[in-house]
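In case you want the letters, here they are:
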Amino acid sequence: MIELNLATKKITTDLPAFVMGIVNATPDSFFSGSRGGIERALQLIEEGADLLDLGAESTRPGSEYVSEEEEIRRLIPLIKEIRKNSDIPLSIDTRKAAVFKAAVEAGADILNDISALEDAPELADFCAKKGLPVILMHKRGNPGTMQKNTAYTDCFSEVNDYLIERAAFAEKSGIAAEKIILDPGIGFGKNTRDNFQLIRRCGELAGGKYNVLMALSRKTCIGEATGRAVEDRLYGTLAADLVAVQKGAFMVRVHDVKETVDTLKVLKACNNIE
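Residues numbered from 1 in each chain as written. Predicted model: local features only at pLDDT ≥ 70, side-chain atom pairs only at ≥ 80, totals over all residues. Heavy atoms only, no water.

### A short note on the overall build of the protein chain
Next, step 1: From N to C terminus, the protein chain includes 9 helices and 10 strands.
Next, step 2: Over its C-alpha atoms the protein chain spans a radius of gyration of 17 Å, differing by no more than 12% from the 19 Å that the globule rule assigns to 274 residues.
Next, step 3: Projected onto its principal axes, the C-alpha coordinates of the protein chain cover approximately 40 × 40 × 35 Å.
Next, step 4: Taken over 274 residues, the protein chain has a buried fraction of 56%.
Next, step 5: Taking as baseline every contact in the protein chain between residues at least 6 positions apart, the subset at least 24 positions apart corresponds to 68%.
Next, step 6: For the protein chain, the accessible area works out to roughly 11600 Å², and carbon and sulfur atoms hold 47% of it. (Helix = DSSP H or I, 4+ residues; strand = E, 2+ residues; numbered from the N terminus. Rg over C-alpha atoms; globule rule 2.2 N^0.38 Å. Buried < 20%, exposed > 50% of the residue type's maximum accessible area, 1.4 Å probe, protein only. Contact = heavy atoms within 4.5 Å. Areas by Shrake-Rupley, 256 points an atom, 1.4 Å probe, with all protein chains shown as cover.)

Spelled out as structure tokens, the structure:
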């Protein structure tokens, strides 16, 4: 049994990892299947998602940021519609204070920040006071430029050092260590080889002090390994998620919830054999 404490409740799963389903309220997210509103959210809940990650600003390579007003316009009605139907925990994929504060007011539970609290440091105090978990991700540059510089002397060490520093900032701001989740940022300013090294070593991040989220679903490195287009990367994604969970990932962020749940059920069955 693994667990995550939210502000007012605790969620648990008896699978080897939590399954976070992706709902993108955007017109340009890289996988069209992730785009949608209340219908997609309810479908992922039905398929067994433990929580949903809602995004209203695409961060695919080459994308441009949108205004906070546009992000709020896309996001808040979706949160309200979900809350009419479900109390499933909602993670908000944003780096903007105004957006996240509006989302919390509407019923959100978790901050998923690709800037690791650098773009809006004040969110650290806000999350600490509210008792909200935070997901801190490593990236290089911004989505428009991040894949133009993917050379590292030692990618794992640089990503690890950065996440340790950002987690320390979060803790200093009052966020409990158990509510800090690290994301190495697969595909955010890394080459294919380094992405797979981070998958293989994800459980080593910060010496295992914090929980780790792996967001691998249908990403370019899966396509590089399989030779498949985005629409055909399901099986490669399931293999990568399986490795990540075996290496220590606490949560996987996925487009394909039903298939991921089944994969983790089989892993659980294998692990339970004496």
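Let us keep going from here.
### Here's the deal with the packing of aromatic side chains
Next, step 1: This structure, assessed with the given rule, holds 2 aromatic pairs.
Next, step 2: Between the aromatic rings of Phe-18 and Phe-250, the centroid separation amounts to 5.2 Å while the plane-to-plane angle is 70°, which identifies the pairing as edge-to-face. Of the two residues, Phe-18 sits in strand β3 (residues 18-24) while Phe-250 sits in the loop between α8 (234-246) and β10 (251-254), which places them 232 residues apart along the sequence. An identical accessibility class is assigned to Phe-18 and Phe-250; each is buried.
Next, step 3: Their ring planes at 85° and their centres at 6.1 Å tell us that Phe-100 and Phe-126 sit as a pair that is edge-to-face. Taken as a pair, Phe-100 in helix α3 (residues 97-106) and Phe-126 in helix α4 (residues 122-130) lie far apart in primary sequence, 26 residues in all.
Next, step 4: Taking the ring centre of Tyr-152 as reference, the NZ or CZ of Arg-140 above it sits at 3.8 Å.
Next, step 5: The lysine or arginine in question, Arg-166, covers the ring of Phe-169, its NZ or CZ lying 4.6 Å from the ring centre. (Phe/Tyr/Trp six-rings, centres within 6.5 Å; stacked < 30°, edge-to-face > 60°. Lys NZ or Arg CZ within 6 Å of the ring centre and 35° of its normal.)

### Here we look at the sheet that holds strand β4 (residues 51-55)
Next, step 1: Read once around its circumference, the closed barrel built from 8 strands follows the order β3-β4-β5-β6-β7-β8-β9-β10, with strand pairing classed as parallel. Averaged over all neighbouring strand pairs, the angle between strand axes comes to 25°, with direction disregarded.
Next, step 2: In the packing of helix α9 (residues 257-271) onto the sheet, the strands contacted are β3 and β10, and the crossing angle to β3 comes to about 170°. (Pairing = 2+ DSSP bridges. Axes fitted to C-alpha atoms, helices over the stretch in contact; angles between N-to-C directions.)

### As for the packing of α8 against α9
For any two helices packed against each other, one specifies the inter-axial angle together with the distance between the axes.
Next, step 1: Following both chains from N to C, one finds α8 and α9 inclined at 45°, their axes separated by 10 Å at the closest point. By the angle between their directions, the pair α8 and α9 is classed as oblique. By crossing handedness, the relation of α8 to α9 is classed as right-handed. For the pair formed by α8 and α9, the contact residues are Leu-234, Leu-238, Asp-241, Leu-242, Val-245 and Gln-246 on the first element and Glu-259, Thr-260, Thr-263, Leu-264 and Leu-267 on the second.
Next, step 2: In the contact of α8 with α9, the residues fall into 6 nonpolar, 3 polar and 2 charged. (Parallel < 35°, antiparallel > 145°, perpendicular 65-115°, else oblique. Left-handed = near helix turned anticlockwise from the far one by under 90°. Nonpolar A, V, L, I, M, F, W, Y, C, P; charged D, E, K, R; others polar.)

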